[in-house]
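Residue-level structural notes
What follows is each chain in one-letter form.
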Amino acid sequence: MTTTTRLVEVRTRILKQNDTVARELRADFGRAGVLAVSLVSSPGSGKTMFLEQTLKLLRQRYRVAALVGDLATENDARRLSRADVPVRQIITGTVCHLEAEMVRRALADWSLGDFDLLFIENVGNLVCPATYDLGEGLRAVLFSVTEGEDKPLKYPTIFHTADLAIITKCDLAAAVEFDREAALANIQAVRPGIPVLEVSAKSGQGIDAWLEVLDARYADDRSTGAPPSIDK
Ligand SMILES: Nc1nc2c(ncn2[C@@H]2O[C@H](COP(=O)(O)OP(=O)(O)OP(=O)(O)O)[C@@H](O)[C@H]2O)c(=O)[nH]1
Ligand SMILES: [Mg+2]
């Protein structure tokens, strides 16, 4: 067996194991009536700032909690804790994405029944998180105006696995001469029909529309009573 063949086999096995745990997590979320929402993006696209604002606004109406993954530091958990909701940091060490088992371990001593919405901020990376299902019911890919309009074309897989695209830092759009039409066209080219929100955590632009998406999705899951069914 060549080294390449062996690497492919090991990788396939890891992904299969991840899918099994993710399916179990999805069923757990469904049974507990929890909407799990994951945020993926490249490093520094604004996941934590956006999530902090989201948690502060949602906690008035929902029981919310958050997990956040990084290779190192508890910085993001500290920032999210300012929203005064349960937050837990997952340190991945050398691993460039969250895996379903990491999520399960992080949730082990929390009771899912205590929450309505659980947010999972993935490690900042536009490649690795794409292939790891975390059992989430909604996956949002963030993409900031400072990154270049071609990113959806260069990193299509992460857009394929997302349910929603969020263009962030729109307050900076003019300063960086962001070509909005090109960015929207590129997103639609790789993932036709995906809903797109345009937001700024700094100015508050688009946050209401985001909260409406979450409200609608939460209500939808409640009315069907079924576990969220999106398999990545
Ligand atoms: N102007 C502006 N700056 C923002 C906005 N959102 C985030 N930032 C800034 O962008 C930088 C990165 O934001 P973070 O929220 O840490 O980004 P992140 O995606 O969580 O980063 P990682 O977790 O390291 O991948 C910080 O300096 C933020 O203050 C925004 O809407 N507008
Ligand atoms: Mg962050």
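Report on the accompanying structure. Keep in mind it's a predicted model, so treat the numbers as computed, not measured. (Residues numbered from 1 in each chain as written. Chains lettered and ligands numbered in written order. Predicted model: local features only at pLDDT ≥ 70, side-chain atom pairs only at ≥ 80, totals over all residues. Heavy atoms only, no water.)

Considerations on the pattern of salt bridges
Per the stated rule, a full pass over the model turns up 17 salt bridges. For Arg88, the salt bridge is made with Asp109, and the minimal N-O distance between the two is 2.7 Å. With Arg88 in strand β3 (residues 87-91) and Asp109 in the loop between α4 (100-107) and β4 (117-121), this residue pair connects regions lying 21 residues apart in the sequence. A relative accessible area of 27% places Arg88 in the partly exposed class. Glu101 is the salt-bridge partner of Arg104, the closest N and O atoms lying 3.0 Å from each other. In this pair, Arg104 and Glu101 both sit in helix α4, three residues apart, roughly one turn of the helix. Classification of Arg104 by relative accessible area gives partly exposed; the value is 31%. The network of salt bridges with common partners includes Glu24, Glu101, Arg104 and Arg105. (Salt bridge = Lys/Arg side-chain N within 4 Å of Asp/Glu carboxyl O. Helix = DSSP H or I, 4+ residues; strand = E, 2+ residues; numbered from the N terminus. Buried < 20%, exposed > 50% of the residue type's maximum accessible area, 1.4 Å probe, protein only.)

Structural measurements only, silent on function.
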